[in-house]
Amino acid sequence: MIDLWLSTRRLSGVEIVEVGGELDAVTRPQLHRLLGGYFQGSSGERVVLDLSDVTFMDSGSLGLLIDHYKRAQAAGGRLVLANVSPSRMQVLWLTGLADWLPLYSDLDSAILALSR
């Protein structure tokens, strides 16, 4: 089993959450706890979820991303996904989530989008 690792940093007023390893039923609660701290009340927090080092993502993790995307909107914030490519994250395209989740191919594009 490959563990999940999470790292955070702030860049240009945007919180960057780097995710690596496998997102599954065992590791998903770690990401849920971390993201839960950003979107409380009307924080207006802007967060980029950098998925460049994710090696596996199950369907429950997709649900988690959707849940936190909606929480961000409700709190007046924004959550976007970076380093998402169709070849690595096919599940986002197969499920249709790529059509409405804000996806960016690289970190710079995601940060720029949140800076507007």
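Structure: see above.
Predicted, not measured: the structure shown is a model, and the values here were computed from it.

The nonpolar side chains of a soluble globular protein tend to be buried, and buried together. Residues Val-19, Leu-31, Leu-49, Leu-51, Met-57 and Leu-92 are the most contacted members of the largest nonpolar core, which totals 28 residues. Elements with a contribution of two residues or more to this core: β2 (14-23), α1 (28-36), β3 (46-57), α2 (59-74) and β4 (78-82). Residue contributions to this core peak at 6 residues, all from α2. Setting aside its immediate chain neighbours within four residues, Leu-92 contacts Leu-62, Val-84, Leu-97, Ala-98, Leu-101 and Leu-103. Formed by 9 residues, the second largest nonpolar core is a distinct cluster that contains Val-14, Ala-82, Ala-110 and Ile-111.

As a further point, take the packing of aromatic side chains. Evaluated as defined, the whole model comprises 2 aromatic pairs. Residues Tyr-69 and Trp-100 carry aromatic rings whose centres are separated by 5.6 Å and whose planes lie at 65° to one another, so their mutual orientation is edge-to-face. Here Tyr-69, found in helix α2, pairs with Trp-100, found in the loop between α3 (90-94) and β5 (103-104); they are 31 residues apart in sequence, far enough to count as distant. Look at Trp-100 and you get partly exposed, because its relative accessible area is 39%.

What counts and what doesn't
- Residues numbered from 1 in each chain as written.
- Predicted model: local features only at pLDDT ≥ 70, side-chain atom pairs only at ≥ 80, totals over all residues.
- Heavy atoms only, no water.
- Core = buried A, V, L, I, M, F, W, Y, C linked by side-chain atoms within 4.5 Å.
- Buried < 20%, exposed > 50% of the residue type's maximum accessible area, 1.4 Å probe, protein only.
- Helix = DSSP H or I, 4+ residues; strand = E, 2+ residues; numbered from the N terminus.
- Contact = heavy atoms within 4.5 Å.
- Phe/Tyr/Trp six-rings, centres within 6.5 Å; stacked < 30°, edge-to-face > 60°.

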